[in-house]
Amino acid sequence: MSLPDIVSRDQWRVARQDLLAREKEATRARDALNAERRRMPMVEVEKEYVFEGGDGRASLLDLFDGRDQLVVYHFMFAPEWESGCRSCSAFLDQIGHLAHMKARGTTFATVSRAPYTRILPFKARMGWTVPWYSSYLCDFNRDFEVTLEHDGELLERPGLSCFLRDRDRVFHTYSTYERGLDGLGSTTSLLDLTALGRQEEWEEPKGRASTLGAPAGSARIRYHDEYED
(Lines give C-alpha, C1' and ligand atoms only; values in the text may rest on other atoms or scores of the structure.)
Protein backbone atom coordinates (compact mmCIF):
# COMPACT_ATOMS: atom_id res chain seq x y z
CA MET A 1 0.00 0.00 0.00
CA SER A 2 1.28 3.45 -0.92
CA LEU A 3 1.20 5.81 2.09
CA PRO A 4 1.69 9.60 2.38
CA ASP A 5 5.20 10.98 2.91
CA ILE A 6 6.35 11.48 6.51
CA VAL A 7 7.28 15.13 7.26
CA SER A 8 7.73 17.43 10.25
CA ARG A 9 4.78 19.24 11.83
CA ASP A 10 5.93 22.56 10.31
CA GLN A 11 6.11 21.02 6.84
CA TRP A 12 2.64 19.55 7.36
CA ARG A 13 1.25 22.99 8.29
CA VAL A 14 2.65 24.52 5.10
CA ALA A 15 1.14 21.76 3.00
CA ARG A 16 -2.18 22.13 4.83
CA GLN A 17 -2.32 25.89 4.22
CA ASP A 18 -1.59 25.38 0.52
CA LEU A 19 -4.38 22.84 0.27
CA LEU A 20 -6.76 25.03 2.32
CA ALA A 21 -6.46 27.81 -0.27
CA ARG A 22 -7.49 25.37 -2.99
CA GLU A 23 -10.32 23.99 -0.83
CA LYS A 24 -11.73 27.50 -0.33
CA GLU A 25 -11.51 28.08 -4.06
CA ALA A 26 -13.45 24.85 -4.65
CA THR A 27 -16.08 25.92 -2.08
CA ARG A 28 -16.60 29.25 -3.84
CA ALA A 29 -16.83 27.45 -7.19
CA ARG A 30 -19.39 25.03 -5.71
CA ASP A 31 -21.48 27.94 -4.38
CA ALA A 32 -21.44 29.52 -7.86
CA LEU A 33 -22.46 26.21 -9.47
CA ASN A 34 -25.31 25.77 -6.97
CA ALA A 35 -26.53 29.29 -7.83
CA GLU A 36 -26.51 28.38 -11.54
CA ARG A 37 -28.52 25.28 -10.72
CA ARG A 38 -31.12 27.37 -8.86
CA ARG A 39 -31.38 29.63 -11.90
CA MET A 40 -32.26 26.72 -14.17
CA PRO A 41 -35.74 26.82 -15.73
CA MET A 42 -38.33 24.26 -14.70
CA VAL A 43 -40.86 22.20 -16.64
CA GLU A 44 -44.38 21.39 -15.54
CA VAL A 45 -45.15 17.72 -14.94
CA GLU A 46 -48.53 17.29 -16.58
CA LYS A 47 -48.57 13.51 -16.81
CA GLU A 48 -50.51 11.65 -14.13
CA TYR A 49 -48.41 9.13 -12.22
CA VAL A 50 -49.75 6.49 -9.86
CA PHE A 51 -47.49 5.26 -7.05
CA GLU A 52 -48.13 2.75 -4.31
CA GLY A 53 -46.95 3.29 -0.74
CA GLY A 54 -47.79 2.54 2.85
CA ASP A 55 -51.09 4.41 2.62
CA GLY A 56 -52.14 2.93 -0.70
CA ARG A 57 -52.07 4.67 -4.07
CA ALA A 58 -50.64 8.17 -4.38
CA SER A 59 -50.02 10.82 -7.02
CA LEU A 60 -46.78 12.73 -7.51
CA LEU A 61 -48.37 15.67 -5.70
CA ASP A 62 -49.17 13.37 -2.76
CA LEU A 63 -45.46 12.53 -2.44
CA PHE A 64 -44.78 16.17 -1.43
CA ASP A 65 -46.73 15.49 1.78
CA GLY A 66 -47.93 19.10 1.76
CA ARG A 67 -44.47 20.70 1.47
CA ASP A 68 -43.10 22.98 -1.26
CA GLN A 69 -40.32 20.76 -2.55
CA LEU A 70 -39.75 17.05 -3.19
CA VAL A 71 -36.42 15.24 -3.57
CA VAL A 72 -36.82 11.75 -5.05
CA TYR A 73 -34.04 9.18 -4.87
CA HIS A 74 -34.43 6.69 -7.73
CA PHE A 75 -33.51 3.43 -5.97
CA MET A 76 -32.53 0.58 -8.30
CA PHE A 77 -34.97 -2.23 -7.57
CA ALA A 78 -36.42 -3.97 -10.62
CA PRO A 79 -39.72 -5.87 -10.31
CA GLU A 80 -38.05 -9.27 -10.69
CA TRP A 81 -35.31 -8.63 -8.09
CA GLU A 82 -35.54 -10.19 -4.64
CA SER A 83 -33.60 -7.32 -3.01
CA GLY A 84 -32.66 -3.74 -3.77
CA CYS A 85 -29.34 -2.59 -5.21
CA ARG A 86 -26.41 -2.78 -2.77
CA SER A 87 -24.95 0.58 -3.87
CA CYS A 88 -28.34 2.28 -3.57
CA SER A 89 -28.69 0.72 -0.14
CA ALA A 90 -25.34 2.20 0.89
CA PHE A 91 -26.54 5.59 -0.33
CA LEU A 92 -29.77 5.36 1.63
CA ASP A 93 -27.82 4.39 4.74
CA GLN A 94 -26.21 7.85 4.58
CA ILE A 95 -29.49 9.77 4.77
CA GLY A 96 -29.78 11.44 8.17
CA HIS A 97 -32.80 12.60 10.12
CA LEU A 98 -35.35 14.07 7.69
CA ALA A 99 -36.66 16.66 10.17
CA HIS A 100 -34.04 19.19 9.03
CA MET A 101 -35.20 18.95 5.40
CA LYS A 102 -38.86 19.05 6.40
CA ALA A 103 -38.20 22.26 8.36
CA ARG A 104 -37.18 23.79 5.03
CA GLY A 105 -40.37 22.66 3.36
CA THR A 106 -38.67 19.79 1.55
CA THR A 107 -39.76 16.14 1.51
CA PHE A 108 -37.34 13.31 0.76
CA ALA A 109 -38.76 10.10 -0.72
CA THR A 110 -37.47 6.98 -2.44
CA VAL A 111 -39.06 5.48 -5.57
CA SER A 112 -38.40 2.10 -7.17
CA ARG A 113 -39.99 0.12 -9.99
CA ALA A 114 -40.44 -3.01 -7.87
CA PRO A 115 -43.96 -3.72 -6.53
CA TYR A 116 -44.55 -2.35 -3.05
CA THR A 117 -45.11 -5.87 -1.71
CA ARG A 118 -41.47 -6.59 -2.58
CA ILE A 119 -40.16 -3.23 -1.33
CA LEU A 120 -41.80 -3.45 2.10
CA PRO A 121 -39.97 -6.52 3.49
CA PHE A 122 -36.62 -5.27 2.18
CA LYS A 123 -37.21 -1.85 3.76
CA ALA A 124 -38.03 -3.55 7.06
CA ARG A 125 -34.89 -5.67 6.83
CA MET A 126 -32.75 -2.55 6.31
CA GLY A 127 -34.51 -0.70 9.13
CA TRP A 128 -35.19 2.40 7.04
CA THR A 129 -37.99 4.84 7.85
CA VAL A 130 -37.77 7.06 4.75
CA PRO A 131 -40.94 7.21 2.64
CA TRP A 132 -40.64 4.65 -0.17
CA TYR A 133 -43.02 4.25 -3.10
CA SER A 134 -43.42 1.83 -5.96
CA SER A 135 -43.71 3.16 -9.51
CA TYR A 136 -44.65 -0.29 -10.80
CA LEU A 137 -48.02 0.99 -12.05
CA CYS A 138 -46.69 3.91 -14.15
CA ASP A 139 -43.93 5.16 -16.45
CA PHE A 140 -42.24 7.39 -13.87
CA ASN A 141 -38.90 5.54 -14.02
CA ARG A 142 -38.79 5.58 -17.80
CA ASP A 143 -39.82 9.22 -18.07
CA PHE A 144 -37.13 10.34 -15.62
CA GLU A 145 -34.52 8.18 -17.34
CA VAL A 146 -33.60 5.74 -14.58
CA THR A 147 -35.09 2.74 -16.37
CA LEU A 148 -33.57 2.52 -19.85
CA GLU A 149 -34.16 0.09 -22.70
CA HIS A 150 -31.10 -1.42 -24.39
CA ASP A 151 -31.31 -4.22 -26.97
CA GLY A 152 -34.82 -5.03 -25.79
CA GLU A 153 -33.77 -5.28 -22.14
CA LEU A 154 -34.74 -2.89 -19.35
CA LEU A 155 -31.78 -1.60 -17.36
CA GLU A 156 -31.84 0.30 -14.07
CA ARG A 157 -29.56 3.14 -13.02
CA PRO A 158 -29.48 5.27 -9.85
CA GLY A 159 -30.52 8.90 -9.89
CA LEU A 160 -32.07 11.75 -8.00
CA SER A 161 -34.76 14.21 -9.12
CA CYS A 162 -36.04 17.44 -7.58
CA PHE A 163 -39.53 18.87 -7.86
CA LEU A 164 -41.21 22.12 -6.83
CA ARG A 165 -44.93 22.70 -6.45
CA ASP A 166 -47.04 25.79 -6.85
CA ARG A 167 -50.37 24.90 -5.24
CA ASP A 168 -51.50 21.85 -7.26
CA ARG A 169 -49.02 22.34 -10.11
CA VAL A 170 -45.84 20.24 -9.99
CA PHE A 171 -42.59 21.23 -11.71
CA HIS A 172 -39.44 19.23 -12.41
CA THR A 173 -36.39 21.37 -11.61
CA TYR A 174 -33.35 19.06 -11.65
CA SER A 175 -32.07 15.50 -12.06
CA THR A 176 -28.68 13.86 -11.71
CA TYR A 177 -27.47 10.29 -12.19
CA GLU A 178 -24.70 7.85 -11.30
CA ARG A 179 -21.48 9.82 -10.55
CA GLY A 180 -23.61 12.92 -10.00
CA LEU A 181 -24.66 11.27 -6.73
CA ASP A 182 -21.11 11.26 -5.36
CA GLY A 183 -20.85 13.32 -2.20
CA LEU A 184 -24.61 13.52 -1.63
CA GLY A 185 -26.45 12.37 1.48
CA SER A 186 -26.28 15.25 3.94
CA THR A 187 -29.17 17.67 4.37
CA THR A 188 -27.27 20.60 2.85
CA SER A 189 -25.98 18.57 -0.11
CA LEU A 190 -29.55 17.57 -1.00
CA LEU A 191 -30.98 21.06 -0.48
CA ASP A 192 -28.25 22.45 -2.75
CA LEU A 193 -29.82 20.50 -5.64
CA THR A 194 -33.24 22.10 -5.21
CA ALA A 195 -34.67 25.28 -6.72
CA LEU A 196 -35.01 26.93 -3.30
CA GLY A 197 -31.66 25.72 -1.99
CA ARG A 198 -30.90 26.11 1.71
CA GLN A 199 -33.12 29.23 1.78
CA GLU A 200 -30.39 31.30 3.40
CA GLU A 201 -29.90 35.03 2.81
CA TRP A 202 -26.43 34.72 1.25
CA GLU A 203 -27.60 32.46 -1.56
CA GLU A 204 -28.19 33.60 -5.12
CA PRO A 205 -30.59 34.33 -6.69
CA LYS A 206 -32.12 36.54 -4.01
CA GLY A 207 -35.71 36.28 -2.88
CA ARG A 208 -35.93 32.61 -2.02
CA ALA A 209 -34.81 32.67 1.61
CA SER A 210 -38.15 33.86 2.96
CA THR A 211 -40.49 31.77 0.83
CA LEU A 212 -41.38 29.56 3.78
CA GLY A 213 -42.06 32.45 6.16
CA ALA A 214 -39.35 31.43 8.64
CA PRO A 215 -35.88 32.70 9.60
CA ALA A 216 -33.06 31.57 7.33
CA GLY A 217 -29.72 29.98 8.08
CA SER A 218 -28.52 28.56 11.37
CA ALA A 219 -31.27 30.42 13.28
CA ARG A 220 -33.69 27.82 11.89
CA ILE A 221 -31.74 24.78 13.06
CA ARG A 222 -33.23 22.89 16.00
CA TYR A 223 -32.75 19.54 17.64
CA HIS A 224 -34.67 17.19 15.37
CA ASP A 225 -37.35 16.59 18.00
CA GLU A 226 -38.02 20.32 18.46
CA TYR A 227 -39.32 21.19 15.01
CA GLU A 228 -42.99 21.85 14.51
CA ASP A 229 -43.76 20.09 11.22
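Please refer to the structure higher up on the page.
So, here's what we can say about the structure.

Criteria and thresholds
- Residues numbered from 1 in each chain as written.
- Predicted model: local features only at pLDDT ≥ 70, side-chain atom pairs only at ≥ 80, totals over all residues.
- Heavy atoms only, no water.
- Helix = DSSP H or I, 4+ residues; strand = E, 2+ residues; numbered from the N terminus.
- Buried < 20%, exposed > 50% of the residue type's maximum accessible area, 1.4 Å probe, protein only.
- Contact = heavy atoms within 4.5 Å.
- Phe/Tyr/Trp six-rings, centres within 6.5 Å; stacked < 30°, edge-to-face > 60°.
- Lys NZ or Arg CZ within 6 Å of the ring centre and 35° of its normal.
- Expected span 1.5 Å × (residues − 1).

## Comments concerning the overall build of the protein
Regarding its fold elements, the protein presents seven helices and 10 strands. Summarising its shape, the C-alpha atoms of the protein cover approximately 60 × 50 × 35 Å along the three principal directions. Split into buried and exposed, the 229 residues of the protein put 43% on the buried side. In the protein, the proportion of contacts linking residues at least 24 apart, taken out of those at least 6 apart, comes to 62%.

## A few points about the environment of Thr 176
Relative to the assigned elements, Thr 176 resides in strand S10 (residues 169-177). In this view, Thr 176 contacts Gly 159, Leu 160 and Leu 181; residues no more than four positions away in its chain are not counted.

## Topic: unusual backbone geometry
The linkage connecting Glu 204 with the following residue, Pro 205, adopts the cis geometry, with an omega of -5 degrees. Examined against the element boundaries, Pro 205 turns out to sit in the segment after helix H7 (187-191).

## Brief notes about the packing of aromatic side chains
Inspection of every chain in the model, using the stated rule, returns 17 aromatic pairs. Each ring, one from Phe 75 and one from Trp 132, has its centre 4.7 Å from the other, and the planes form 50 degrees; the classification is tilted. Taken together, the positions of Phe 75 in the loop between strand S4 (69-74) and helix H3 (86-93) and Trp 132 in strand S6 (residues 132-134) put the pair 57 residues apart, joining distant regions of the chain. Each member of the pair, Phe 75 as well as Trp 132, carries the same accessibility label: buried. Note on Phe 140 and Phe 163: the rings are 6.3 Å apart at their centroids and 35 degrees apart in plane angle, and the pair reads as tilted. A residue pair is termed long-range when its members are at least 10 positions apart, and Phe 140 in helix H6 (residues 140-143) and Phe 163 in strand S9 (residues 159-166) qualify at 23 residues. Pairwise contacts between aromatic rings join Tyr 73, Phe 75, Phe 77, Phe 91, Phe 122, Trp 128 and Trp 132 into one cluster. The ring of Tyr 174 has Arg 37 sitting right over it, with the charged end atom 4.9 Å from the ring centre. Its guanidinium or amino end placed over the ring of Tyr 177, Arg 157 lies 4.0 Å from that ring's centre, counting from NZ or CZ.

## Brief notes about helix H1 (residues 9-38)
Taking 1.5 Å per residue as the helical rise, H1 with its 30 residues ought to reach 44 Å, and the 42 Å between its terminal C-alpha atoms agrees with that figure. Regarding H1, the residues found buried are Asn 34, Ala 35, Arg 37 and Arg 38. Contacts made by the buried residues of H1 are with S10.

As far as function goes, none of this settles anything; it's purely spatial.
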